[in-house]
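Coordinates in review
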Amino acid sequence: MRQEPAGHWRYSEIEWTEFKQLLAGNGPCNRDRMAARRKSHDEGAWVREAAAAYAAKRALRQTAQAAE
């Protein structure tokens, strides 16, 4: 599907082999997208660690309060 200069869309048959390759992760931008995802995940590790530490500290406080 692409837009013609006159502003009309032109539809054609789907190339199923290409479509299946895109779904399998073999698209033109897949490598860049996955690299960005890994970078984001790695740079966000400190947030996950802080949230886990906070949850552990909160659970410890709740256990201590329940024991009183």
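As shown above, the structure is provided for reference.
Quick caveat: nothing in here was measured; it's all calculated off a predicted structure.

Per the secondary structure count, the protein includes three helices and two strands. Starting at the N terminus and ending at the C terminus, the protein contains elements arranged as β-β-α-α-α. Along the first, second and third principal axes, the C-alpha set of the protein runs to 75 × 25 × 20 Å. Scored against the burial criterion, the 68 residues of the protein give a buried share of 4%. Surface exposure of the protein reaches about 6,700 Å², of which carbon and sulfur atoms provide 56%. For the protein, the separation between the mean place of its 12 positive charges and that of its 9 negative charges on side chains is 5 Å.

Attention shifts here to the packing of aromatic side chains. One pass over the structure, following the stated rule, counts one aromatic pair. Ring geometry for Trp 16 against Phe 19: centres 5.7 Å apart, planes inclined by 90°, an arrangement best described as edge-to-face. With Trp 16 and Phe 19 both in helix α1 (residues 16-23) and three residues apart, the pair spans about one turn of that helix. Owing to a relative accessible area of 39%, Phe 19 belongs among the partly exposed residues under this scheme.

Packing of helix α2 (residues 30-43) against helix α3 (residues 45-67) brings their axes to within 4 Å, and their N-to-C directions diverge by 40°. As summarised for this structure, α2 and α3 are arranged oblique, according to the angle between their axes. Facing His 41, Asp 42 and Glu 43 of α2, the residues of α3 in contact are Ala 45, Trp 46 and Arg 48. Within the contact of α2 with α3, the residues separate by chemical class into two nonpolar, one polar and three charged.

Moving on to the pattern of salt bridges. This model, assessed by the stated rule, comprises one salt bridge. A salt bridge links Lys 39 to Glu 43; the nearest nitrogen and oxygen atoms lie 3.7 Å apart. One end of the pair is Lys 39 and the other is Glu 43, both in helix α2 and four residues apart, which spans about a single turn. For the pair Lys 39 and Glu 43, one class covers both residues: exposed.

Looking now at the environment of Gln 21. With respect to the element layout, Gln 21 can be found in helix α1. Spatially, the C-alpha atoms of Gln 21 and Tyr 54 are 43 Å apart, while their sequence positions differ by 33 residues. Contacts of Gln 21, omitting those with residues within four sequence positions, involve Asn 26 and Gly 27. Within the structure, the side chain of Gln 21 is placed 2.8 Å from the side chain of Asn 26, a separation counted as a polar contact.

The rules behind these values
Residues numbered from 1 in each chain as written. Predicted model: local features only at pLDDT ≥ 70, side-chain atom pairs only at ≥ 80, totals over all residues. Heavy atoms only, no water. Helix = DSSP H or I, 4+ residues; strand = E, 2+ residues; numbered from the N terminus. Buried < 20%, exposed > 50% of the residue type's maximum accessible area, 1.4 Å probe, protein only. Areas by Shrake-Rupley, 256 points an atom, 1.4 Å probe, with all protein chains shown as cover. Lys, Arg positive; Asp, Glu negative; His and termini not counted. Charge placed at Lys NZ, Arg CZ, Asp CG, Glu CD. Phe/Tyr/Trp six-rings, centres within 6.5 Å; stacked < 30°, edge-to-face > 60°. Axes fitted to C-alpha atoms, helices over the stretch in contact; angles between N-to-C directions. Parallel < 35°, antiparallel > 145°, perpendicular 65-115°, else oblique. Contact = heavy atoms within 4.5 Å. Nonpolar A, V, L, I, M, F, W, Y, C, P; charged D, E, K, R; others polar. Salt bridge = Lys/Arg side-chain N within 4 Å of Asp/Glu carboxyl O. Polar contact = N/O pair within 3.5 Å; in protein donor to acceptor, adjacent residues only side chain to side chain.

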